[in-house]
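If you want the building blocks of each chain, they are given just below.
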Amino acid sequence: MKRVPSILIFLKSRKGIRLVLLLILFVWYCFCLPSPLFKSKTSTVLEDNKGELLAAKIAEDGQWRFPLTTTLPQKFIDCIIQFEDRGFYTHWGVSPTAIVRATKQNIQANKTISGGSTLTMQVVRMARKGQKRTVFEKAIEIILATRLEFSYSKKEILALYASNAPFGSNVVGIDAASWRYFGREPSKLSWAESATLAVLPNAPSLIYPGKNQERLLKKRNRLLDQLYVAKIIDKETCELSKQEPLPGKPHAIPQIAPHLLLRASKETFLGKRIRSTIDGHLQERVNTIIENHHKILKGNEIHNACAIVLDVNTGKVLAYVGNTLNTGKPEYEGDVDVINAPRSTGSILKPFLFASMLNDGELLSTTLIPDIPTQIAGYAPQNYNETFDGAVPAKRALARSLNIPAVRMLQSYGIEKFNYNLKKLGMTTLTYAPDHYGLSVILGGAEGKLWDITGMYASMARTLNHYTDYNGKYDKNDFHPPSYVTQEEKDPDIENASILDAASIYFTFEAMVEVSRPDEDAGWKQYTSSSKVAWKTGTSFGFRDGWAIGITPKYVVGVWVGNADGEGRPGLVGIQTAAPILFDIFSVLKPSKWFSPPYDEMEKVKLCKQSGCRASDICEPTEMVWIQKNGLRTEPCKYHRLIHLDASGAYRVNSNCEDVAKMKHVNWFVLPPAMEWYYKSKNTTYKELPPLRSDCETGGLSGMEIIYPKQFSRIYVPVEIDGSTGKTVFQVAHRKANTIIYWHLDGVFVGSTQSNHQMGLAPDEGIHTLTLVDEEGESLVQQFEIVSKKKQ
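Below you will find a few notes about this structure. Treat the numbers as computed from the prediction; the structure is a model and nothing was measured.

**Re the side chain of E141**
And then number 1: Here E141 is to be found in helix α6 (residues 135-151).
And then number 2: A relative accessible area of 4% places E141 in the buried class.

**Overview of the pattern of salt bridges**
And then number 1: If you walk through the whole model with that rule in mind, you get 27 salt bridges.
And then number 2: A salt bridge links D646 to R693, with the shortest nitrogen-to-oxygen separation between them at 3.8 Å. One end of the pair, D646, is in the loop between β19 (640-645) and β20 (664-669); the other, R693, is in the loop between α22 (673-682) and β21 (704-708), and 47 residues separate them in sequence. In terms of burial, D646 and R693 fall into one category: buried.

**Observations regarding the sheet that holds strand β1 (residues 44-47)**
And then number 1: Ordered by their spatial adjacency, three strands build an open sheet running β2-β1-β5, and the pairing between neighbours is mixed. The sheet terminates laterally at β2 (53-57) and β5 (273-275), the two strands that pair on one side only. Direction aside, neighbouring strands of the sheet carry axes that sit 15° apart on average.
And then number 2: Across four bridges, the pairing between β1 and β2 is antiparallel. For L46, the partnering residue across the bridge sits in β2 and is A55.

**Remarks on the sheet that holds β21**
And then number 1: Strands sit in the order β21-β23-β26 across an open sheet of three strands; the sheet is antiparallel. If you trace the sheet from one side to the other, it starts and ends with β21 and β26 (758-761), each paired once. Each neighbouring strand pair of the sheet contributes to a mean axis angle of 25°, computed without reference to strand direction.
And then number 2: With four bridges joining them, β21 and strand β23 (residues 728-734) adopt antiparallel strand pairing. If you follow E705 over to β23, its bridge partner there is A733.

**Examining the state of the cysteines**
Working definition: the covalent bond between the sulfur atoms of two cysteines is a disulfide.
And then number 1: For the structure shown, the criterion picks out one disulfide.
And then number 2: Put simply, C657 and C696 are joined by a disulfide, and their sulfur atoms are 1.6 Å apart. Its S-S torsion of approximately 80° makes the covalent link between C657 and C696 right-handed. One end of the pair, C657, is in the loop between β19 and β20; the other, C696, is in the loop between α22 and β21, with 39 residues separating them in the sequence. With respect to class, C657 is no different from C696; both count as buried.
And then number 3: No disulfide involves C637; its sulfur sits 3.6 Å from the nearest other cysteine sulfur, which is in C619.

**Structural notes on unusual backbone geometry**
And then number 1: The omega torsion across E620 and P621 is 0°, close enough to zero to call that bond cis.
And then number 2: Of note, the amide linkage connecting Y708 to P709 takes the cis form, showing an omega dihedral of 0°.
And then number 3: If you trace the backbone, P709 turns up in the loop between β21 and β22 (713-717).
And then number 4: Even without being glycine, K231 reaches a positive phi, approximately 65°.
And then number 5: Within the secondary structure layout, K231 lies in the loop between α10 (213-229) and α11 (235-242).
And then number 6: Using a relative accessible area of 75% as the deciding quantity, one classes K231 as exposed.
And then number 7: If you check the backbone angles, E301 has positive phi at about 60° while not being a glycine.

Reading guide: rules and limits
Residues numbered from 1 in each chain as written. Predicted model: local features only at pLDDT ≥ 70, side-chain atom pairs only at ≥ 80, totals over all residues. Heavy atoms only, no water. Helix = DSSP H or I, 4+ residues; strand = E, 2+ residues; numbered from the N terminus. Buried < 20%, exposed > 50% of the residue type's maximum accessible area, 1.4 Å probe, protein only. Salt bridge = Lys/Arg side-chain N within 4 Å of Asp/Glu carboxyl O. Pairing = 2+ DSSP bridges. Axes fitted to C-alpha atoms, helices over the stretch in contact; angles between N-to-C directions. Disulfide = S-S within 2.5 Å.

Below you can see the structure in the form of C-alpha cells.
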C-alpha cells in the first residue's frame, strides 16, 4: 500500500480544517472591500487655476455630489469628530464602548434609536447603500470597517465620509453642501456654518436647511457647546456663533464658465473635478465685458457673442466666455458654445496668406498688389467700399482688409498650397478638397472655429517669442492648439526651420498693427491700448458673423459676434461689433513690450519706394529697408521704365522722330493702364507718362487696357422680365484722360466714349469680337462669349 502524504492527513484533521477555513476567511477579508468603494455618479466640477469653483453640473442621477475631496477644513473635522466619533483617531474602525451604549439605549427604548457606528462604519454603510439595518448587516459593517482602517489613513476615511455623506434634499458631500447652503467653499465657512453641516448627515431627511429650523438650531448649538467644553473654541466664539442664522433657500451653484464646463463634460471629463487654466478674476471681467456689449448689441437684434483669451507662451486658456447668457430666452441659443462652433470666417484668414507668401519668398510686405475690377472664372470679388485703389502695398491691403488684392494674392499663391498651410497651422474645419472652397476661402468661403483660429495666431506669436529665446532656432512643438487643462510641458524640439519663419511672422504682425479703417466706417473710432496690438477683423457674407483677433507677445484675444442661428443683421461687421469688445478686454490685460525684430532672419536691402519691390538698376527714389531673407527671391521692380523725352521734356519721342543725341533719357514709374486709371485718382503724386509727340510713330508702351471683360471671358447675362437679354457694362482704361475711344462690336461701330470709358452692350448669345481704336490709331482686339441665363 502507498503511504498517504502527511500533509493530506493533516488537512483532513479538525485542526487542518480549521486552518483552511481561517485561511479562506483571511483571503476573503483581504479582498472584501469593493473597488471602487463608491460607484455613485458625481457632478462635473470646473475649477480655475487656483482651485476656485467656476461652475458645476449636476450628476447624472440628479444629485449634487462633487467628486472626492482630498482636503477638509479643520473646522469641519473638529465639528464632525465631536459630533459623531470622538474616539476616531484611537479606534480601529469599531468602538466597543459605543456599540454597548447603543445596545443599552435601544433595549431601553424598545426600538432602534442609536447605531453605535463610528465614522468608519458610516463610510461602509454609505458605500453599501440600500441595505436594511439588521444585526447581520451591522456585523458586516464592523468587519468591513476594520478592513477599511487597514487600507486607508484616517485622513482618507474622513475625506470619504465628507464626500459621500447626505446633507438633505439632493445634496451629497461637504463641497456641494457648502456651496448650496452657504454659497462658498468649505474652507471659508465659519464655526457656526461648519457645525450646521456636521449635524446634517445625522438625520438628513428630517433636518435640512429650510425645514425643521428649531430642531436644526438646537443640534447646531449643542455641538457648539461641545466644542467649547472640549476647548476647541472659546466662550466668545461659541456665543457669537450661536447668533448666526441658519441657512435658508439653497444657493445656485456658480456658473462663471458654463460653456467651458459643458465642453469639458463632452470631452472625457464627465463626472470629474477639472483644474483648468482659467484665471478666475479675468474670467469674471470678460464675462462682464461681454454682457455689457450684449446690452447694446441686442438693440440691433444681435443676441450672441463669445470671447477667448490665451497665454501666448503656453497656449493656456485664461478666459473662456462661450456665449451671452440670454437667460429665459432659449430661442436665442445662449447654451451654444460658439467658441467651438464652425462659423464663416470672413477676412480673418488674410494674415495667414500674407505670412505664407512672405515665408515662401513670393512677396514683400511693401509690394504693390493690383486693386482693380477683377473677374476670375466667373468669380468677381468686391472691396467692402466697392471702390478701387488701382494698386496698394500688400501690408496696406492687409491693414485695410481689401478683398480684391487678397483674392489676387491667393490666385498667385495657389489654393491647394494655402489650404495645406492652414491645416498645418491648426485649422481643423477644412474637410473638403481645396477646389470646393476656391478663391472665396480668403473672404469667408470656409468655416472656422474661434478656438482654432485664436490658437493659430497664438502659435505664430509663440514661435516669434521663442525664436529670440532659442537664439535663432525654432521649437517644433510651438504650433499646437490651445489647452484649458494643465498639461505636462514638452521639452523643446529644436530645429532650424518652422512652418512660418520668424521674420515673416514679424512683418505680418507689423502690418496688423495699423488700426485705421476709414474706408469701412466714416465714424471710425481710433482704438487705443496701453500696449501695441496686432489685430484683424472679419465680416462674413450677409453680415452674419463679426470677428476680431488681437495679438501681443503675452496674449491673444479672440472675439466673435453674431446670431447663433445664422441670422444676418445690418451693421453686423467685425469692426463695429467685435473690435470694441476686443479692446475692452485688452484694457484689463497687463501691457507688454512689442516683439523683438528677428534680425537673423532679415536682410537690409534697397527697395524701390514707389513699387515696394526690390530696386532695379533704374529705380529711383530708393531706400534701405529690412525684409525677410526669403524676400531676396522676389522679382525686382517691373514698373520702372527707361523712357525717351525731347529736349523740352514735355513729349515722348523715339528714334523715328528725334535725334538720339537730343533725347533726354529718364527713369519713369509706369503702371499698366487699368492700375494707373484708379491709382492716379488716389495718389496725386503719381506722374502720368508724357504724351507721344505727334510726329512720332505709335509704339512702345500700350496706352489702353480693357478692364472688363478679359480675353476669352464667358459672360453670364440674366434674362430681363420682358424676355430680352440684359446689358453688360464694358470698361476700358486709357493713359490719356480726355482721349476718344471708338467702339466696334463684331466689326460694327457701336459708339465712342471720352474720359469715362464705359459702355453698356447687349450682344446675342455666342462668341463676339470687341475692337477699340483711340484717336491716335492704337487698337485693341478681344474676344468674349455671352451665355444667357434662364429666368428663375
